[in-house]
Amino acid sequence: MCGMSAHTSPVLSSAAINLRRLVVLRAIALGGQALAVGVAVDTLHMALPLRPLVLILAAMAVVNLFTWLRLRRPWPIRDAELFAQLALDVLALTGLLYYTGGSTNPFAPLYLLPLTLTAAALPRAWTWVMVGLTVACYTLLLFVYVPLPGTHAMHGDEFQMHVVGMWLGFLLSAALIATFAVRMSATLRERDRLAAAMREQALKHERVLALGTLATGAAHELGTPLSTMAVLVRDFSPERPVSGEALSILRNQIARCKEILSS
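### Comments concerning the confidence of the model for the chain
On average, residues of the chain carry a pLDDT of 82, and 86% of them reach 70 or more. Mean pLDDT across the secondary structure elements of the chain bottoms out at helix H1 (residues 2–7), with 42, and peaks at helix H3 (residues 50–71), with 95.

### Comments concerning the packing of helix H2 (residues 14–43) against helix H4 (residues 79–98)
The geometry of H2 relative to H4 is characterised by a closest axis approach of 10 Å and an angle of 10 degrees between their N-to-C directions. If you check the angle between H2 and H4, you find them roughly parallel. Residue-level contacts link Ala-15, Asn-18, Leu-19, Leu-22, Arg-26 and Gln-33 of H2 to Asp-79, Glu-81, Leu-82, Gln-85, Leu-86, Asp-89, Leu-93 and Leu-96 of H4. Its residues placed into classes, the contact of H2 with H4 shows 7 nonpolar, 3 polar and 4 charged.

### Brief notes about the side chain of Thr-134
Turning to its location among the elements, Thr-134 is positioned in helix H6 (residues 124–143). A residue is classified by how much of its surface remains accessible, and Thr-134, at 0% relative accessible area, is buried. If near-sequence neighbours (up to four positions away) are discounted, Thr-134 is found in contact with Val-90, Tyr-111 and Phe-170.

### A look at the pattern of salt bridges
For the coordinates displayed, the defined rule picks out 4 salt bridges. A salt bridge links Arg-26 to Asp-89, with the shortest nitrogen-to-oxygen separation between them at 2.8 Å. Here Arg-26, found in helix H2, pairs with Asp-89, found in helix H4; they are 63 residues apart in sequence, far enough to count as distant. Exposure class is identical for Arg-26 and Asp-89. Each is buried. Linked by salt bridges that have partners in common, Glu-221, Arg-256 and Glu-259 make up one network.

### Structural notes on a nonpolar patch on the surface
On the surface, Val-62, Leu-65, Phe-66, Trp-68 and Leu-69 cluster together into a nonpolar patch covering about 490 Å² of accessible area. Secondary-structure assignment places Leu-69 in helix H3. Classification of Leu-69 by relative accessible area gives partly exposed; the value is 37%.

Cut-offs used in this document
Residues numbered from 1 in each chain as written. Predicted model: local features only at pLDDT ≥ 70, side-chain atom pairs only at ≥ 80, totals over all residues. Heavy atoms only, no water. pLDDT = per-residue confidence, 0-100. Helix = DSSP H or I, 4+ residues; strand = E, 2+ residues; numbered from the N terminus. Axes fitted to C-alpha atoms, helices over the stretch in contact; angles between N-to-C directions. Parallel < 35°, antiparallel > 145°, perpendicular 65-115°, else oblique. Contact = heavy atoms within 4.5 Å. Nonpolar A, V, L, I, M, F, W, Y, C, P; charged D, E, K, R; others polar. Buried < 20%, exposed > 50% of the residue type's maximum accessible area, 1.4 Å probe, protein only. Salt bridge = Lys/Arg side-chain N within 4 Å of Asp/Glu carboxyl O. Patch = residues over 30% accessible without salt bridge, like charges linked within 9 Å, V, L, I, M, F, W, Y side chains within 5 Å. Areas by Shrake-Rupley, 256 points an atom, 1.4 Å probe, with all protein chains shown as cover.

Put into structure tokens, the structure is as follows:
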């Protein structure tokens, strides 16, 4: 266990961290969606098509399980994979809404959740792709869906205006999120980048200071043997032979210089 934790302890990428959070959030969302279907059938006695709804929820639960297992592998996680996971959530939500009233379902604005997560976790290009995907799915549900049994039958044109108003509100919210949330996220990323650059610069300064301190210490230690050798060499001349004692001292001082440089 200790060996495994030591092996998996390196800092995770932002995509890996966000995918791990998405797994938790998806598990909570699946539980809430299953609860909503159960309440609609058992408490409100609505004749919903249970088989496709259960299949969609079960399929997403299996996807979430495989994603959790995938996170335990040392494979790198890219932005494209995180976006694909969020896009899969959008398609699953579209399937659930299709069988439960489409755009007339009060949970239709939940499309804003994957859009917000994309804006917060991924670069701008991915965010606008997600805007296009969610708007396309929401717009499709205006025209193609299985109506909720016995619901809104007496509202007529007024209710249709309400549904269209919800759709327009979603478009406005999506545009605002894609514009301002992306800018805020980009600002935070730039701040983190600058902070990392400043930390790296500080480390470089510390290394240079340490190297200067080491050089100063080495120069101080080399000063004594070099001074001794300078005194001995000053007394040498062609007419005067070098004594064995002087040569021995020179050898000792040269050995001392090598030892200092090695250390």
